[in-house]
Amino acid sequence: MKPKRNNKRVPSFRKLLKTSKVKLDNKLKNKQFKQQNFAKKHRKEQKQLREALRDAKFKVHPPLDQPKKKDKEEDEDEMEEETLPLDMIEEDDLEMMKDMARRASFLTRDLSSSEPVHARKRKQENVIDQYEKVPRRMQAEPEKDLIHLLPIKDKRGIIPQSMEKPVVPTEEEGEEKEEPEEEGEEYKEEPLPVLTTEEIILQRKTQLQEKKIKIATLSSSILSDPENNVKKLKELRSMLMEQDPNVAVTVRKLAMVSLTEVFKDITPSYKIRPLTEAEKASKVKKETQKLREFEEGLVCQYKFYLENLEQTVKDWKQMKLKKSDVVSLKAYKGLAEVAVKCLCELMLSLSHFNFHNNIIVMIVPLMNDKSKRISETCCEAIKKLFKQDRVGYAALSAVKVISGIVKSRNYDVRPEMLQVLLHLRIKEVEVKKDTEDLNVKKKFMTCKEKRKNLSRMQRKWKKAEEKLERELLEAEASESKEKKLKLHTETLNIVFLTYFRILKRAQKSLLLPAVLEGLAKFAHLINVEFFDDLLAVLHTLIASGDLTYRESLHCVQTAFNILSGQGDVLNIDPLKFYNHLYKTLFGLHAGSTNDDVLIVLHCLDVMLTKRRKQVSQQRALAFIKRLSTLALHVLPNSSIGILSTNRTLLHTFPRADMLLDNESQGSGLYLPEMDEPEFCNAQNTALWELHSLQRHYHPVVKRFAAHLCAGAPAEGSQALKHDLGRRSAVELFEDYSTNGMTFNPPVAPCATKKKASFMERDSYSSEDLKEFIKSHLDNSSTEMQLDYARHLKAELCK
């Protein structure tokens, strides 16, 4: 009979397509089940192999001397059986048992008690042979190390294998044996060569030059190809831990500065985020993988570099000398200063990159440091950060840290920490909905609105238009106005919270001047709800008399800034603040308070010019008269600013020109010593101070005084030039400042007075004659000067 032929064919692709999904799933499950069984079997074999190895290693054979001990229970049973009385067994049963004992076979006998003698001897011989086969160890022999080899698997099972570890005598042991013979000999060290000072300096220069070349080489290689040479950042960063005591400090400083410049150059213009697990598992191109590795290495090295800088500053703050460190305690401060400068530079240059907030958290506490140099460096860096921050993220982070430090230290910080807040670029904030303009904001339509109001083609065009607008915003790198307003509002809320806490709890601290100055700048942005309470607090501070002159001026400026912004809608007459400023104007002079004139000019602009509708004529005349008197005893730049303010007031209040007339305009007598401007009868006086100012030594003061005497005309010979007439009082005060100990323009000496004083003198020296001749005959020849000198000498001798 022929064997049955296998006609089964491999299914075609078309047939596979027709196969049901259930059948395919079953096939897949069967395949998976077989794989699981195979893996399970493999794990079982591996487990058995490990157990065999472990048993072969730890197996111990029992000695022959110790026979097996029976359990106590078995011994007791045997004793009981032996002591059983035979009387209790019947005679038939007893005879049957004896008969069975005689005819008992090998299977029915107890081997331990009823075996024949020859069998016991054979068993004993087998035990001895087995015992002899077991390897024995002598007590004197040292234990040998065994190396376990791979086992062999046979029909009988797994056979473990092992071999002795070969012992190779080393040279160290031979040397150790020879050492006891040389114990008696003393080891003599050769003395180090003594170097002179010049040799030490030359050696240090050589070492330093080598380190500089290495730093330059590494930096240039990184800058030339950052992606391929990013690993060299680690080598350059290792030089921050230079161990050579001769050049350690200098090399570390150079490495810090070099790394800062390298990171500024190779850092991309975006923030690098960590990759997700899905992104790491996905396959990408070689270029993409190379870029990812570069970014990961760059962020890692940048993080380590920031940690090194932070640790340098901490070591200086704690002043703890490390055992392995070669830098002295005196050099810690220099290293810390360089580290702080590097941190400030990275904060300003890499504000878009990773760990920017961490750098701010490191720098802001150092603004309150005892070291003046470090404190000023950090303050200047934060000021620049505020000025260059266009969106507001960095400013918000810095303000949060400053507020937290001021509160945590119970307002015991340097005033410079709060003065930095004056450089915030905040001009507008979000207001509440009840006072907000009802302008329709442009926003993108939702999907429901599009389906309801637009056709299919219109929706398509609308979608493309919105996408284009978003791309344009991203290309311009411009943030929306709403986001900026939101950030600025949050920042200013934190600033005002800090200011109000100090006003409430620490009115006598050193921070009060900075608080009042900050309130004066940002007062127009304060919420209307706080106006009444804030004005009451400011008036209480002024009335207490504990404030300095400058602080009281800041209070006045704050009050009027509040009323000039959102406070226009409030019906409040700040008469007390008008009276205080009018009373304290004469506190200004050419000495220490000359710089306070700038605050007074700001106050006058807000109090009189911007609030001209709420200012009476008597009040305006009183202020004009007192300012004219004040212009006599201040520096030239202050006089120019005050006269410019009077010019503005004469244009703002046209009836004030009565002060240019000598005749009295009403009843009463002018009372210059009265502190209330409403009742001093300023209409009965004249601006006689302008005639004295026309003989002032500064030409610009003369020009302004003559202009005001003529009634401040806009045209004609007495009109001011454009460079003087179009500038504000504050700008003129700053332009003609004398802080550089020079006049602007230079003041020419009076030649006529020098002639008269020279000719009226009775005695003359040779130096006086030389100066006189030189001043009068500079353009003459030498012979004429000699002739004139002889003639003058002869006349004087007579």
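Residues numbered from 1 in each chain as written. Predicted model: local features only at pLDDT ≥ 70, side-chain atom pairs only at ≥ 80, totals over all residues. Heavy atoms only, no water.

A pair of packed helices can be characterised by two numbers: the angle between their axes and the separation between those axes. Where helix α20 (residues 512–522) contacts helix α22 (residues 549–564), the axes come no closer than 8 Å and their chain directions differ by 25°. Classified by the interaxial angle, the pair formed by α20 and α22 is roughly parallel. For the crossing formed where α20 meets α22, the hand is left-handed. Of the residues in α22, those touching α20 at Pro513, Leu516, Glu517, Leu519, Ala520 and Lys521 are Glu551, His554, Cys555, Gln557, Thr558 and Asn561. (Axes fitted to C-alpha atoms, helices over the stretch in contact; angles between N-to-C directions. Helix = DSSP H or I, 4+ residues; strand = E, 2+ residues; numbered from the N terminus. Parallel < 35°, antiparallel > 145°, perpendicular 65-115°, else oblique. Left-handed = near helix turned anticlockwise from the far one by under 90°. Contact = heavy atoms within 4.5 Å.)

A word on the packing of aromatic side chains. Summed over all chains, the structure comprises eight aromatic pairs. Ring geometry for Phe263 versus Tyr305: centroids 5.5 Å apart, planes at 25°, classification stacked. One end of the pair, Phe263, is in helix α9 (residues 248–266); the other, Tyr305, is in helix α11 (residues 286–318), and 42 residues separate them in sequence. Exposure class is identical for Phe263 and Tyr305. Each is buried. Consider the rings of Phe496 and Phe500, whose centres lie 6.0 Å apart with planes at 10°: the pair is stacked. Placement of both Phe496 and Phe500 in helix α19 (residues 481–505) is noted, with a separation of four residues, approximately one turn of the helix. On the accessibility criterion, Phe496 (7% relative accessible area) is buried. Pairwise contacts between aromatic rings join Phe263, Tyr302, Tyr305, Phe353 and Phe355 into one cluster. (Phe/Tyr/Trp six-rings, centres within 6.5 Å; stacked < 30°, edge-to-face > 60°. Buried < 20%, exposed > 50% of the residue type's maximum accessible area, 1.4 Å probe, protein only.)

Not every positive phi belongs to a glycine, and Phe355 is a case in point at roughly 65°. Mapping Phe355 onto the fold places it in the loop between α12 (330–349) and α13 (356–363). Positive phi is not limited to glycine here, since Asn410 has a value of about 55°. Tracing the backbone shows Asn410 in the loop between α15 (393–408) and α16 (416–419). Taking the relative accessible area as the measure of exposure, Asn410 reaches 58% and is therefore exposed.

Take the confidence of the model for the chain next. Considering every residue of the chain, the mean pLDDT works out to 77; 70% of them sit at 70 or more. Contacts for the low-pLDDT stretch residues 104–121, under 50 throughout, to residues beyond four places or in other chains number seven contacts. For residues 753–762, every residue scores under 50 in pLDDT, and the model assigns this stretch nine contacts once sequence neighbours within four places are set aside. (pLDDT = per-residue confidence, 0-100.)

Here the focus is the environment of Tyr270. Note that Tyr270 resides in the loop between α9 and α10 (277–281). Judged by relative accessible area, which is 38%, Tyr270 ranks as partly exposed. When the C-alpha atoms of Tyr270 and Leu350 are compared, they prove to be 9.6 Å apart, with 80 residues separating the residues in sequence. Apart from the residues lying within four places of it in its own chain, the contact partners of Tyr270 are Glu295, His352 and Phe353. In this structure the side chain of Tyr270 is engaged in a polar contact, spanning 2.5 Å, whose partner is the side chain of Glu295. (Polar contact = N/O pair within 3.5 Å; in protein donor to acceptor, adjacent residues only side chain to side chain.)

Take the pairing of strand β1 (residues 146–154) next. Bridge count for β1 against strand β2 (residues 157–164) is seven bridges, and the pairing is antiparallel. Bridge pairing in β2 links Ile147 to Met163. Counting the residues in the hairpin turn of β1 and β2 gives two residues. (Pairing = 2+ DSSP bridges.)

Right, let's talk about the environment of Ile215 for a bit. Along the chain, Ile215 turns up in helix α7 (residues 197–224). We classify Ile215 as buried; its relative accessible area is 5%. Considered as a pair, Ile215 and Ser258 are 43 residues apart in the sequence and their alpha carbons are 7.6 Å apart. Residue contacts for Ile215: discarding those within four places in its chain leaves Leu236, Met239, Val251, Leu254, Ala255 and Ser258.

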